[in-house]
Amino acid sequence: MSRIDIELRNQARTAELAAALAPQLRAGDLIILTGGLGAGKTTFTQSLAAHLNVRGRVSSPTFIIAREHPSVGDGPGLVHVDAYRLEDAAELDDLDLDSEQHEVVTVVEWGAGMAESLADDHLEITLTRPDSADPESGQRTATLQGFGGSWTSRLARVKEAMQ
């Protein structure tokens, strides 16, 4: 497991993190996004989708649960999942995400404790907002933890790009 912490002073810095991470992603990657309401999970995913060059408007999939965004170019598509309303891993499994997972990058909001079973090799991103921060300021801390051997070098490149 490898881990990096990055201070995000504003939403522009969150977009920079997405821009730094996008070139490190490949089809089959799983990202589990964690953070409280308003932590910036969907905002991060919107920026990531823009840098992955996928089609379709990325919005919170809370009521739809999962949305697929096909690639516009040669890169992988994106599947954006919101597990907030799911009760357990069995309900997540019912979405049959693993049938196309090798072709896309899968981002699961609220997936901690459920989505890890989709791939041993995955990235967990936790977004936290300081209690004193104005929710609109975009001030956050992003903790990226990579599970599996491929994340050590990829997270090192993300950290370098963010300095």
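These lines cover the structure that appears in this document, whether it is placed above or below.

What counts as what
Residues numbered from 1 in each chain as written. Predicted model: local features only at pLDDT ≥ 70, side-chain atom pairs only at ≥ 80, totals over all residues. Heavy atoms only, no water. Helix = DSSP H or I, 4+ residues; strand = E, 2+ residues; numbered from the N terminus. Buried < 20%, exposed > 50% of the residue type's maximum accessible area, 1.4 Å probe, protein only. Contact = heavy atoms within 4.5 Å. Areas by Shrake-Rupley, 256 points an atom, 1.4 Å probe, with all protein chains shown as cover. Polar contact = N/O pair within 3.5 Å; in protein donor to acceptor, adjacent residues only side chain to side chain. Pairing = 2+ DSSP bridges.

## Quick look at the overall build of the chain
In terms of helices and strands, the chain carries four helices and seven strands. Helices and strands appear in the chain in the N-to-C order β-α-β-α-β-β-α-β-β-β-α. Expressed as a percentage of its 163 residues, the buried residues of the chain come to 48%. Partitioning the contacts of the chain with sequence separation of at least 6, the portion at a separation of at least 24 is 65%. Split by element, the accessible area of the chain, about 8000 Å² in all, is 46% carbon and sulfur.

## Some thoughts on the side chain of Thr 143
For Thr 143, the position within the fold is in strand S7 (residues 140-147). Within the structure, Thr 143 has its side chain in polar contact with the side chain of Asp 5 (distance 2.7 Å). Among residues more than four places away in sequence, those in contact with Thr 143 are Arg 3, Ile 4, Asp 5, Glu 124, Ile 125 and Thr 126.

## Structural notes on the pairing of strand S2 (residues 30-34)
Sheet faces and side chains relate simply in a regular strand, where the side chains alternate between the two faces. The buried fraction of S2 amounts to four of the five residues, a majority that puts the element mostly inside the structure. Direction of pairing for S2 relative to strand S5 (residues 104-109): parallel, over a ladder of four bridges. Bridge pairing links Leu 30 to Thr 106 in S5. As judged from the four bridges shared by S2 and strand S6 (residues 122-128), these two strands associate in the parallel manner.

## Things to note about the environment of Val 105
With respect to the secondary-structure elements, Val 105 resides in strand S5. Distance from Val 105 to Ile 31, taken between C-alpha atoms, is 7.7 Å for residues 74 residues apart in sequence. Leave out the neighbours within four places in its chain, and Val 105 touches Leu 25, Arg 26, Asp 29, Ile 31, Leu 52, Pro 76, Gly 77, Leu 78 and Val 79.

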